[in-house]
Every structure is written in C-alpha cells, then in structure tokens.
Amino acid sequence: MEDDTTDERADDAERELEQNVGQRFGRLPETAAERTVEGRASREEVLEFFADRFAIPPATFDDDTFWEKGAGKIWLYSGEASTPVEIEAIGMTCLRTRQEHWKPTTDFVQRFGHHASECVIDLDREQARRFAAGEDQELAWDGDWGYLIAAHTVAGEREPLGVGLYVHGELRSMVPKGRQRDL
Amino acid sequence: MEPLERYRPIIDDFEAFLAACERPLGNAVRVNTIKTSVERATTALEEDGVAYDQADWNPRVLRLETNSPGSTWTSFHGFTHGQEEVSAVPPVVLDPRPGDRVWDCCAAPGGKATQLAALMDDRGTVVANDSNLGRISALRFNAERLGATSLAVTNDDARNYSLQRFPFDEFDRALVDAPCSCEGTIRKNPDALDNWSPDHINSVAGIQKGILRRALQATCEGGTVVYSTCTFAPEENEAVVQHALETEDCRVVDFDLGLEYAPGLAEWDGETFDAALERAARIYPHHNDTGGFFVAKLEVTA
C-alpha cells in the first residue's frame, strides 16, 4: 500500500501517461513504477492479487505474460508477441481489474485454480450441479466474503468449477451463460 | 449421394463406402491434456456412467456412448472437447513440439488449434487464424474453455498473411486444414452435398492453392506443413499439393498413422500427379467407421 504523498505523486505522473486503447493489447508493466498507461495494473499487482486472495504461488506464472485489452480486462498468454499488438485474442482472459474488487474469470479458475489453497469453497455433487447451471444457493462459509473459487471432487481430486461471489450466506454462481450446463 | 458416384473407379469396395456414408456418425471427443490426463478424464466419465471406447490409433480420442456429449462433467471442465475422430488426425501428423511456432491457417472453430497447443504442452506459440470473423468467436470460446494459453487468434486472409505483428518472421510448422467442399462430412451433415457442383470445387481449389503456398512460404527451411481437407475431391487434394510441388520449394514426406487408409492418387481425370503423392492418406468412412479425410505432409526444402 502506498502512503498519501506517494499517491499524490502517482496522480501527477498519471497525467503524463498514455490513455488505454481499447482495441489493442498492451503488456502489463512489471511494476507500478514502470507504468506508461494510465490506470493499468502491473504484473506485480496481478501476481500479488492471486497470491493474497487464493494463495496461488507467483512462480505458477513464470512462463506467462499478462496483457490488457479494453478497460481492465487482463489476459494471460504464454506465447510470443510484441507490445502493443492489434489481434483478436492472446491466451485467455484471466482477471477483471479497474474496479474495487478484482474478479478472476471462470476459464482462468478452471485452468489455474488447482494451484489455489485459500478462498476455495468445496461443493458436493448436487451443489456443484446447481453452480454449473448458474444458480445461486445458500451455503455456510466461514471464510472471507467476496470472490471465491468453487470446487468439487472429480476422479478423487479437487477440481475447480469457476468463480462464485459469496455474500450474506449465499454463493452466487458467476459462470457465464455460455459456459453454464445442465448436468 | 449422386455426386460421390464419380469416385466409384478409385474407391475399393465402393458399396461399403456408400453404405458407410449413409450411416450417422457417433459422438467422439478428444481428451484435452492441457487440463487433465487421459486417465483422469476416463475415470471422470466412468463416475458419470458414460460408456466410452478408446481409439486404437490415439488414446486421447474417445467414442462416447451418449447423445449429449456436451452435458458431461468432463465437458464442463474442459477435460474433453467434441471433435470428430478423423479431425484429430492432422495435428498428430504435424507433430508439433513444445516451444514451436505453429500456424493454423484456417483454425475456427478451434478443435485442431487447441489440439496443437495440447501436443506442445501449451508451451510455444500457436497462431490460430481464420478469415471468417463470424467463426472467430467460437474459436476464442473453445480456446479459453480448453485453457490454451499459448494460442493467439488472428482474423486475416491466410493467402496474403503477414507475420509483421509477431516478433518472429517464420513458423516452424503450419497446418492448412483448408475450407473445402466437405464431402467427407456427409455422415454428420446429411445436406453436405446439396450445393455440390464442379464450379464450386474449382473455385474452392483456387483458394486452397493460395493458402497452401502462403503456408509453405511462411514456414522455415526444414519445417513441416500439413495439408488436409474433409473431402474426397482430387481437385481439392492431390491437385492442390501437386500445384504446391510445382510452385514452392517443398516435398511430400511419409508419416505413420495407425488408421486404415488408401494412398493418394497417381492420376485423376487425365491429370497425372507426382509419384510422392502416394504418401498422402485418403481416409474413407468405411475404413475406420469415421468421416472422410485427406492428409498430406510436406517438408519445406529451401
């Protein structure tokens, strides 16, 4: 966390920064100090978020790069590309930033959620079925509120289903319509 | 089935071929090893009570005994992807390695592009291109569902494709799974032959030649290009590869495939093809109870 004076200096610096361009991908700077695009999250902040919230080790992403396209949509990519790049897609969307509570995507959680050990809520098969269908459900959870990784057991191992929003005793499925299934 | 009559002279056991074309195709899926192992995917199917039969030639290809292969836990988790059995052949023939730079010229809806990424352990770069913007969304959806992080999606005409946006200027391998007259999909799409005409075949063959030539140009010396279609028409298969042999520095090479198939043709309709075209594979529906397919493997020689 930055103190107030640094924040002010950062604000001054932001005025010198480029605006984010919605139709192209820009690679995230390593740290906030290296930022050249206003409001853009840094790689360091993204890794910190995954580590702080879900205890996903930062080394998980050693071979990957992070990119922004649109306002706050972060993509994870392991191939080669120069920045900025105008292209339909690189890798997968992994995180929504530029909002108070950053939100991981269902596809990211299904791909990398097995590295998580915190803020993972384990569901039984019937609860998992409702979650996959996009239904909200009342569930007990004594951890943090907010975005959780919902998981169930498949072939003897924990398998992430997607992202749920836990508030007021209820787990809301964030599985996008196109990914929902009646199982 | 009338358009297929012209293949009577070149297909062994033509009646069995026609009979197979009349039979609907079963449901096949490919195990997505980016997200899980074959063993875990099959255990998950067993837990769900979905019976399956593993393909002899490729343990990652499963024939499912269900009418709704998309409504399984393995599908929800992206452990499996609905993909016709023969459609899994070209990436295996291309045989990409982790770290390679690979171009899938006509990639939508992405079954083969994600299979390439899986064969590379999702390490390297798979450029999945398609000229049809409407099909790009399906390609993106499948790439993300299957967790392919090494895949970049572009929307350009493959015939004059530019690598300018990438920090490299040639590919190690390219897959040209060309748009075609789709005769071989007749078991999946009973109306596949409705718009069949010699004019359509000739016009699509021109596009195929342009794409294959560009793929050979964009691939490094010693690199591999696989050309495939889901049609039987020699004008779209051997004749396209023949054109590439005459215009680009390349040769047709052998490959191993644990499926039954017929060799590529030596001649068709008065045109004679290079003897090396016998190294190509014509997979007919009655051979392995699949759809129809053509595959040729080329090496760039300069």
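The rules behind each value
- Residues numbered from 1 in each chain as written.
- Chains lettered and ligands numbered in written order.
- Predicted model: local features only at pLDDT ≥ 70, side-chain atom pairs only at ≥ 80, totals over all residues.
- Heavy atoms only, no water.
- Domains from an automatic or database assignment.
- Contact = heavy atoms within 4.5 Å.
- Salt bridge = Lys/Arg side-chain N within 4 Å of Asp/Glu carboxyl O.
- Polar contact = N/O pair within 3.5 Å; in protein donor to acceptor, adjacent residues only side chain to side chain.
- Helix = DSSP H or I, 4+ residues; strand = E, 2+ residues; numbered from the N terminus.
- Buried area = accessible area lost by both parts, 1.4 Å probe.
- Pairing = 2+ DSSP bridges.
- Axes fitted to C-alpha atoms, helices over the stretch in contact; angles between N-to-C directions.
- Parallel < 35°, antiparallel > 145°, perpendicular 65-115°, else oblique.
- Left-handed = near helix turned anticlockwise from the far one by under 90°.
- Nonpolar A, V, L, I, M, F, W, Y, C, P; charged D, E, K, R; others polar.
- Phe/Tyr/Trp six-rings, centres within 6.5 Å; stacked < 30°, edge-to-face > 60°.
- Buried < 20%, exposed > 50% of the residue type's maximum accessible area, 1.4 Å probe, protein only.
- Lys NZ or Arg CZ within 6 Å of the ring centre and 35° of its normal.
- UniProt positions renumbered as here; feature names shortened; annotations may be inferred.

### Overview of the domain arrangement of chain A
Residue and element names in this part refer to chain A.
Now for step 1: Each assigned domain of chain A is listed with its residue range as follows: domain 1 (2-113) and domain 2 (119-179).
Now for step 2: On the side of domain 2, 16 residues touch domain 1, which itself brings 12 residues to the contact.
Now for step 3: Applying the counting criterion to the domain 1 and domain 2 interface returns 2 salt bridges.
Now for step 4: The closest approach of N and O atoms between Asp144 and Arg53, which form a salt bridge, is 3.9 Å.
Now for step 5: If you look at where domain 1 meets domain 2, you find 5 residue pairs in polar contact (both at pLDDT 80 or more).
Now for step 6: If you list the elements that add at least two residues to the side of domain 1 that touches domain 2, you get α2 (43-54), β6 (103-104) and α3 (106-112).

### With respect to the interface of chain B and chain A
Now for step 1: Opposite the 39 residues of chain B that make contact, chain A presents 42 residues.
Now for step 2: In total, chain B and chain A occlude about 3,400 Å² of area from one another, counting both sides; carbon and sulfur atoms represent 52% of this.
Now for step 3: Our count for the chain B to chain A interface comes out at 8 salt bridges.
Now for step 4: Residues Arg125 of chain A and Glu47 of chain B are paired through a salt bridge, measuring 3.7 Å at the closest nitrogen-oxygen approach.
Now for step 5: Counting the contacts that link chain B with chain A gives 24 residue pairs in polar contact (both at pLDDT 80 or more).

### What about the sheet that holds strand β7 (residues 120-122) of chain A?
Now for step 1: Sheet architecture is open: 5 strands sit in the order β7-β9-β10-β11-β8 (chain A), paired in mixed fashion. In this open sheet, the two edge strands, each paired with only one partner strand, are β7 and β8 (137-138) of chain A.

### Let's talk about the packing of helix α7 (residues 198-217) of chain B against helix α8 (residues 238-247) of chain B
All names here are of chain B.
Now for step 1: Close contact between α7 and α8 brings their axes to 9 Å; oriented N to C, the two are set at 45°. As judged from the angle between their axes, α7 and α8 are oblique. For the pair α7 and α8, the sense of crossing is right-handed. Seen from α7, the contacting residues are Ala205, Gln208, Lys209, Leu212, Arg213 and Leu216; seen from α8, they are Ala239, Val240, Val241, His243, Ala244 and Thr247.
Now for step 2: Tallied by class, the residues present in the contact of α7 with α8 amount to 7 nonpolar, 3 polar and 2 charged.

### Comments concerning the packing of aromatic side chains
Now for step 1: Evaluation of the coordinates by the stated rule reveals 25 aromatic pairs over all chains.
Now for step 2: With centroids separated by 4.4 Å and ring planes inclined at 15°, the aromatic side chains of Phe50 of chain A and Phe108 of chain A adopt a geometry described as stacked. One end of the pair, Phe50 of chain A, is in helix α2; the other, Phe108 of chain A, is in helix α3, with 58 residues separating them in the sequence.
Now for step 3: The exposure class of Phe50 of chain A is buried, given its relative accessible area of 0%.
Now for step 4: Sitting above the plane of the Phe76 of chain B ring, Arg179 of chain A keeps its charged end 5.7 Å from the centroid.

### Observations regarding the domain arrangement of chain B
All names here are of chain B.
Now for step 1: In terms of domain boundaries, chain B breaks down into domain 1 (2-23 + 85-300) and domain 2 (26-83).
Now for step 2: A C-alpha centroid distance of 24 Å is found between domain 1 and domain 2.
Now for step 3: Between domain 1 and domain 2, the residue contacts involve 21 residues of the former and 17 residues of the latter.
Now for step 4: When domain 1 packs against domain 2, close to 1,500 Å² is buried across both sides, 55% of that on carbon and sulfur atoms.
Now for step 5: Per-residue buried area on domain 1 facing domain 2 is highest for Glu85, Arg145 and Leu146; these three make up 45% of the total on that side.
Now for step 6: Counting across the interface, domain 1 meets domain 2 through 1 salt bridge.

### A short note on the UniProt feature "domain: SAM-dependent MTase RsmB/NOP-type" (unreviewed entry) in chain B
Now for step 1: Mapped onto this structure's residue numbering, the UniProt feature "domain: SAM-dependent MTase RsmB/NOP-type" (unreviewed entry) falls at residues 17-301 of chain B.
Now for step 2: Secondary structure within residues 17-301 of chain B divides into 29% helix and 24% strand; the distance between the first and last C-alpha atoms comes to 37 Å.

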